[in-house]
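Notes for the structure review
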Amino acid sequence: MSPPLTNDLLLRALERQSVPRTPVWMMRQAGRCLPSYRKLRADRSFLQLCKNPELATEVTLLPVQELRVDAAILFADILLPLEGMGIGFHFDETQGPVFERPIQTARDIQSIRVPDPTEATGYVGDAIRSIQATLAGSLPLIGFCGAPFTLAAYAIEGKTSRSFDRARAFMHAQPDAFSQLVDKMCRTMGLYLESQIEAGVHAVQIFDSWAGWLTPDDFRRYAFEPVEQILEKIGSRTPSIYFAHGASPYLDILQKSSATALGIDWRISLNHARNLFGDRYALQGNLDPARLVGASPESIREGVRQTLTDYGPGPGHIFNLGHGIHPTTPAENARIAVEAVREFSPAFHLSSPVEDPR
Ligand code: 1CP
């Protein structure tokens, strides 16, 4: 057992325990919206930052210092573990991820490996240990992976896409081969998250960024159930957050999730989600990230107040955006949102005996 954290608000909220204020972090908080990140990135590639534990530590801590969030998230990418599976890619400055040989046939899938994470992504474990040494028990560290469907979709599509048509066509044309690919992703991510937990993360999030393009039946089969298998593998070792972007059509399926918390995008009101899910899950979300791009400070504060009001009083809310922070967001606007959560949220937790760690 590791010693208690100075600020454990995120972990308390995940377990739906009382808190003096709502904890806040932002998906993609460590990236291009921070001038300090752009400076570190100026003479290095994104992958160089990810694969150097000292630099990954530095970048992980930037939003902690500059935005005053209540949790750090490991600086890495959902695609990193694919390299060790034999699915090569690079990040293009304008196009984002580009795969060298996108999967085209069932045969391509047979040669994909389920690697040992200490060999394939040992630098991630090193980064986690280095971040924990630097955080020195001040805040929780969130580990993460991509969900099997989202990762399979990238590997077939070969690049980002608006609606991943090629990947979905493959899924329907060759369902058995697609299931095998999803299964390999599932086993690799289970081992990968276990290795992050062993290295010391306090909670894990599974990002299913493209699950919202599936029919409800396909969502259940290719997105939800593989994620359930990963959650089963990690068991109760850490709390877990399942974020399926665009999942409003599948709320009845999500009600059966084994995750500790569900990430909610901005298309669903937290009020509706809370009524539906009752107190089975903590809920994370869901300010529209577009509000931080150019709205006035008053509008940002109003958006924060509305999000807190939508969730309502009591524990179990983790304030976040409804999806990743947009890279063109002025850092100042992200700061305004975090400060507004700190200012407004104590009124939603009047009965907490726990002290605010600041
Ligand atoms: O500096 C750069 O040019 C790289 C930009 C960048 C960054 C900062 C990428 C490329 N990834 C990241 C970091 C990252 N990605 C984190 C670290 C924590 C943090 O920034 O706070 C995390 C958690 C991710 C997760 C991720 N990567 C997701 C899931 C989240 C989401 O937004 O849905 C996805 C889909 C990716 C793929 C990815 N990585 C990077 C790009 C440009 C993309 C493609 C996005 C797309 O397809 O539109």
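Residues numbered from 1 in each chain as written. Predicted model: local features only at pLDDT ≥ 70, side-chain atom pairs only at ≥ 80, totals over all residues. Heavy atoms only, no water.

Here's the deal with the overall build of the chain
Scanning the chain for helices and strands turns up 16 helices and 9 strands. For a compact globule of 358 residues, the expected C-alpha radius of gyration is about 21 Å, and the chain comes in at 19 Å, within 12% of that figure. When its C-alpha atoms are laid out on the principal axes, the chain stretches across 60 × 45 × 45 Å. In the chain, which comprises 358 residues, the share counted as buried stands at 58%. Restricting to contacts in the chain with at least 6 residues of sequence separation, those with at least 24 account for 74%. (Helix = DSSP H or I, 4+ residues; strand = E, 2+ residues; numbered from the N terminus. Rg over C-alpha atoms; globule rule 2.2 N^0.38 Å. Buried < 20%, exposed > 50% of the residue type's maximum accessible area, 1.4 Å probe, protein only. Contact = heavy atoms within 4.5 Å.)

Some thoughts on the environment of Arg168
Looking at the secondary structure, you find Arg168 in helix α9 (residues 165–173). Considering only alpha carbons, one finds Arg168 and Asp218, 50 residues apart in sequence, at a separation of 10.0 Å. If sequence neighbours within four positions are ignored, Arg168 has contacts with Ser163 and Trp213.

Regarding the site of the ligand
Around the ligand, 23 residues are found, and the nearest of them are Tyr37, Tyr154, Thr160, Ser209 and His323. One of the side-chain N or O atoms of Arg41 is found 2.7 Å from an oxygen atom in the ligand. One nitrogen or oxygen atom from the side chain of His323 is found 2.6 Å from an oxygen atom belonging to the ligand. Residue composition of the shell around the ligand, grouped by class: 14 nonpolar, 5 polar and 4 charged. (Near = heavy atom within 4 Å. Polar contact = N/O pair within 3.5 Å; in protein donor to acceptor, adjacent residues only side chain to side chain. Nonpolar A, V, L, I, M, F, W, Y, C, P; charged D, E, K, R; others polar.)

Focus: unusual backbone geometry
Gly285 connects to Asn286 through a cis peptide bond whose omega is -10°. For Arg28, which is not glycine, the phi dihedral falls at a positive 65°. Mapped onto the secondary structure, Arg28 falls in the loop between α1 (9–14) and α2 (35–41). On the basis of relative accessible area, Arg28 is assigned to the exposed category, the value being 56%. The phi dihedral of Arg68 falls on the positive side, at around 65°, and the residue is not glycine. Mapped onto the secondary structure, Arg68 falls in the loop between α4 (53–67) and β1 (72–73).

Some details on the nonpolar core
Among the nonpolar cores identified, the biggest contains 132 residues, and Leu82, Phe219 and Tyr242 are the most heavily contacted of them. Those residues in contact with Leu82, other than ones at most four positions away along the chain, are Ile87, Phe89, Phe99, Leu151, Met185 and Met189. (Core = buried A, V, L, I, M, F, W, Y, C linked by side-chain atoms within 4.5 Å.)

Focus: helix α15 (residues 297–311)
Between its first and last C-alpha atoms α15 spans 22 Å; for 15 residues at 1.5 Å apiece the expected length is 21 Å, and the two agree. Of all the positions in α15, only Ile300, Gly303, Val304, Thr307, Leu308 and Tyr311 are classed as buried. End-on view of α15: buried residues confined to an arc of 130°, all on one side of the axis. Of the surrounding secondary structure, the elements contacted by the buried residues of α15 are α13 (270–277), β8 (282–287), α14 (291–294), β9 (317–321) and α16 (331–344). Count one or two residues on from α15 and you reach Gly312, which has phi positive near 90°. (Expected span 1.5 Å × (residues − 1). Arc of directions from axis to C-beta.)

Things to note about the side chain of Asp265
Looking at the element boundaries, Asp265 is found in the loop between β7 (261–263) and α13. Side-chain polar atoms of Asp265 contact the backbone nitrogen of Arg267, separated by 2.9 Å. Discounting chain neighbours no more than four positions away, the residues touching Asp265 are Phe243, His245, Gly246, Ala247, Asn286 and Gly322.

Focus on the pairing of strand β4 (residues 141–146)
Judged by how many residues are buried, β4 sits mostly within the fold: 6 of 6 residues are covered. The two faces of β4 match: Leu141, Gly143 and Cys145 on one face and Ile142, Phe144 and Gly146 on the other face are all buried. In this sheet, β4 lies alongside β1 in parallel orientation, the contact comprising 2 bridges. Looking across to β4, one finds that Ile73 is bridged to Ile142. (Pairing = 2+ DSSP bridges.)

Quick look at helix α11 (residues 216–234)
Counted at 1.5 Å a residue, the expected span for α11 with its 19 residues is 27 Å, and the 26 Å between its end C-alpha atoms agrees. For α11, the complete set of buried residues consists of Asp218, Phe219, Tyr222, Ala223, Phe224, Pro226, Val227, Glu228, Ile230, Leu231 and Ile234. On its buried face, α11 sits against α8 (148–157), α9, α10 (175–199), β5 (203–208), β6 (240–244) and α12 (251–254). Just beyond α11, the residue with positive phi is Gly235, at close to 60°.

Section: the sheet that holds β8
Taken in spatial order, the 7 strands make up an open sheet running β1-β4-β5-β6-β7-β8-β9, and their pairing is parallel. Looking along the sheet, the strands with just one partner apiece sit at the ends: β1 and β9. Bridge analysis of β4 against β5 gives 5 bridges, and the strand direction is parallel. Bridge pairing in β5 links Gly146 to Phe207. Contacts between α11 and the sheet are confined to β5 and β6, with β6 contributing the most and set at about 165° to the helix. (Axes fitted to C-alpha atoms, helices over the stretch in contact; angles between N-to-C directions.)

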